[in-house]
Each structure stands twice: as C-alpha cells, then as structure tokens.
Amino acid sequence: MKIGNQYYQSIWADENDPAVIRVINQQKLPFFFEIKELRSVDDVYNAIDDMTIRGAPLIGAAGAFGIYLATLEINSQTNIREHLSNAARYLVSCRPTAVNLSWAVSRVIDKLGNDQSPESLSKKALDAAVEICEIEKENCRQIGKHGLKLIEAISRKKKGAPVNILTHCNAGWLACIDYGTATAPVYLAHEKGVPLHVWVDETRPRNQGAKLTAYELGQNGVPYTLIPDNTGGHLMQQNKVDIVIVGSDRTTKTGDVANKIGTYLKALAAFDNKIPFYCALPSSSIDFRISDGVKEIVIEERNPEEVTSVSGFDSGEIRSVRICPEGTNAANFGFDITPARLITGLITEKGICRATEKDIKEMFS
Ligand code: MRU
C-alpha cells in the first residue's frame, strides 16, 4: 500500500543490511510515521509485546523473521537445535490468541531441518520468512478478489448508492503485510470505482480502528466515518449498514472466529438485523486442531492500564491520560469468540465458504 507516493509493506528485510528487519511503528500512527529496526530475537519479541507491530498475519511474519535473526546469533559455542527451539518457544509465547504466530514460526523451523551450517540456516530462514510475507500478501489479494464480489452484488442491489461496510479493529494492510484481510475487498472495490463508505469502530481500549484503520482508509482515499464501539447496533437498526466485514486471529475447523474484543457483539447485532456478517481470513489463521472456539481458544489478557487510560495526540506529543478514578479495577480481554452460527461466511484466499466444518474442510482439503 502507498503512503504518500511511496509503496510500503508493514514489515520487510533491509536490502542493505542483512542483520536488520524493518517495521512500521504502529504505536506511533497516525500521529508520527516511524520505521523501527529489529536486530535480535528480543527486539522482535518486544515489538510484538508492546504493539509496535500487531495483527495476526503481521505477528506471524515477524515471528518468522525472529527465527532468521536467531540464526544470526549462532556462534561456535551454540547448541543450534536448543537455541532455535528456545527462540521459537519464546516468540510464540508472546501473544497467545493469533494462531499465525505459531504457524509461521513452526513453518520456518521445519524448513531448517537438521542443517548445522549457520550460513545456510540463515539463508533458509530468511528465504522462508520472505516466502511467508509473499504468501500472506497473495492470500490477502485473493481475499480481496473474492470479497469484492460481495460488495459489487450489494452495490448492484442498491443501484450504485454507496455500500456501507462496518469493520472492527484493524484488519488492514498494517495488520497484514499488504492489502489487509477485511479491508482488501474494500480497497479493490474502491479502486474499481464502486461507491462505498466504511463505518470504523474505534475499538477500545487501544483504538486500533480510530488510529490505524482510519489512517489507512484516509491514506487511500476511502470514505469512512469513525464511530464509538457501541454505535453499530443503532446503525444496523437504521439500515445504515449493508455488510459487516472483520478479520480473525484464530478460526476453528468448525468456523468459530476469535477476533478483537467486541466483534461478538457486532455479530449478534448483525444477526438480529439480518445483516450479512463476514470474517475475512487467510488459511494461516485457521487452527485445524480445534473445534470449539469458546472452550479451546486462549484469550489474551492485557494490561488493565489500557482500559483505565487513553492515549492520544496533544501539543505535538503522544500522551496518555487516566479516564477513571485512581485505583480503578479494570479487565482487559483482548479478543472474543464469534460462534460460527452468527457468521454468514468466511472470505478466504480460496473463496467464500460457510462457517461450517464441512465447508471449511471442502475448501481446504
Ligand atoms: O490486538 P491486535 O491489534 O493484534 O488485534 C488485531 C485484530 O483483532 C485483527 O482484527 C486481527 O488480527 C485480524 S488481522 C488481519
């Protein structure tokens, strides 16, 4: 995606310095555009942990580059197998809900096999991490192509009046490597000249919608309106939402979807108002080992300070202010589960399918 006239991915390997991975610092957006260097496994862990980078496909790609950086730390004293499996365990432990992280890290580890040469391990790990980026980019592009058909069909029904799409959190190109998942159909439809408008949930407590989705859509000229998280139900009752498209951090083989906290409530409101509710996801977000999202997906609990405070821009600086009485107890669950029965369909790189075990199995056999 372009920022100004310059093409960016949300993560890339520095062409001039093989010891550096570069990322867009999402903590600073939309107020400052800053690129951060990651030079070690610890740097990758910390960048995921402090949300410099976030979003399921992106943290997967970052984990993959983390294994590459781990190979650069090998010296003559290193027990290579132990070193790499420690790095893998450490990286995967960083955020528990998105399955992409463990998927990508395991994929790189598998590609390394029993190789014992540090140079060859580094080359294989870098190739595997870059390949993951390319796979995720192409997955998102395909998701865009399939999701575009849904938006075009609604546009035809509305005789060209703007299609109103509601989205939650940031499942955009920043969260992926390029295009995004939930946003990919939006970008393609906008590029094709389909009139549309996006309702952007602010997505408390970290406001990824307000900060990141609004930034992305604005940079790409897509009309949008920012709304508080509790506005969606009202808009749906007023016929102001034609379709909901969200991302996924982990989808079970039966079609339950873990996504940013608050997604479930949007799905309930959409179900009650008979509004199509789609989850856009690459197959790297499907956990084929599990069936019951509520029982089996670990929901990340984050620092309560994200709830008791809010961060924003004031007098040239990013500042955080407390919004409740000092000492307030707060709970901060990062994700929730939308049961398959509330989901109209899954938009994947292979096509659109119903959120059922049978359809998912058929699509990914
Ligand atoms: O906590 P975050 O910002 O990493 O949560 C991100 C989301 O919930 C996204 O919707 C999800 O990762 C899908 S990404 C394409």
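Look up: the structure comes first, before these words.
Right, let's walk through the structure included here. (Residues numbered from 1 in each chain as written. Predicted model: local features only at pLDDT ≥ 70, side-chain atom pairs only at ≥ 80, totals over all residues. Heavy atoms only, no water.)

**Thoughts on the sheet that holds strand β5 (residues 35-38)**
1) Next: Spatially, β3-β4-β5 is the arrangement adopted by the three strands of the open sheet, whose pairing is antiparallel. The open sheet is flanked by β3 (11-13) and β5, the only strands paired with a single partner. Recorded for the sheet is a direction-independent mean angle of 25° between the axes of neighbouring strands.
2) Next: As paired strands, β3 and strand β4 (residues 21-24) are joined by three bridges and run antiparallel to one another. Across the sheet, Ala13 pairs through a bridge with Ile21, a residue of β4. (Pairing = 2+ DSSP bridges. Helix = DSSP H or I, 4+ residues; strand = E, 2+ residues; numbered from the N terminus. Axes fitted to C-alpha atoms, helices over the stretch in contact; angles between N-to-C directions.)

**Some remarks on the sheet that holds strand β11 (residues 257-260)**
1) Next: The four strands lie next to each other as β13-β10-β11-β16, forming an open sheet whose pairing is mixed. The open sheet has two edge strands, β13 (286-287) and β16 (335-338), and neither has a second partner.
2) Next: Sheet analysis places strand β10 (residues 250-252) next to β13, joined by two bridges and oriented parallel. Bridging from a neighbouring strand, Thr251 pairs with Ile286 of β13.

**Notes on the nonpolar core**
1) Next: With 41 residues, the main nonpolar core has Ile11, Ile48 and Ile67 as its most contacted residues.
2) Next: Going through the elements one at a time, β4, α1 (41-49), α2 (56-72), α3 (80-92), α4 (99-112) and α5 (118-157) are the ones with two or more residues in this core.
3) Next: With eleven residues, α2 is the single largest residue contributor to this core.
4) Next: Among residues more than four places away in sequence, those in contact with Ile67 are Leu84, Ala87, Ala88, Leu91, Val105, Val108, Ile109, Leu112 and Ala125. (Core = buried A, V, L, I, M, F, W, Y, C linked by side-chain atoms within 4.5 Å. Buried < 20%, exposed > 50% of the residue type's maximum accessible area, 1.4 Å probe, protein only. Contact = heavy atoms within 4.5 Å.)

**With respect to the pattern of salt bridges**
1) Next: Counted under the stated rule, the structure contains 25 salt bridges.
2) Next: A salt bridge links Glu134 to Lys137, with the nearest nitrogen and oxygen atoms 3.2 Å apart. With a gap of three residues between them, Glu134 and Lys137 both fall in helix α5, about one helical turn apart.
3) Next: Taking relative accessible area as the criterion, Glu134 reaches 40% and is therefore assigned partly exposed.
4) Next: Residue Lys137 is classed as buried on the basis of its relative accessible area, which comes to 14%.
5) Next: Linking Glu317 and Arg319 is a salt bridge whose minimum nitrogen-to-oxygen distance equals 3.8 Å.
6) Next: On the basis of relative accessible area, Glu317 is assigned to the partly exposed category, the value being 43%. (Salt bridge = Lys/Arg side-chain N within 4 Å of Asp/Glu carboxyl O.)

**What about the site of the ligand?**
1) Next: Around the ligand sit 19 residues in total, of which Arg54, Arg95, Gln208, Asn259 and Lys260 are the nearest.
2) Next: Within the backbone of Gly55, a nitrogen or oxygen atom sits 2.9 Å from an oxygen atom of the ligand.
3) Next: Between the ligand and the protein, one listed contact pairs an oxygen atom with a side-chain N or O atom of Asp249 at 3.0 Å.
4) Next: Burial of the ligand by the protein chains amounts to 99% of its free accessible area of 410 Å².
5) Next: For the shell around the ligand, the secondary-structure elements that each account for two or more residues are α2 and β11.
6) Next: Looking at the shell around the ligand, its residues break down into eight nonpolar, seven polar and four charged.
7) Next: Inspection of the shell around the ligand shows a minimum of three residues originating in each of domain 1 (2-135) and domain 2 (143-363). (Near = heavy atom within 4 Å. Polar contact = N/O pair within 3.5 Å; in protein donor to acceptor, adjacent residues only side chain to side chain. Areas by Shrake-Rupley, 256 points an atom, 1.4 Å probe, with all protein chains shown as cover. Nonpolar A, V, L, I, M, F, W, Y, C, P; charged D, E, K, R; others polar. Domains from an automatic or database assignment.)

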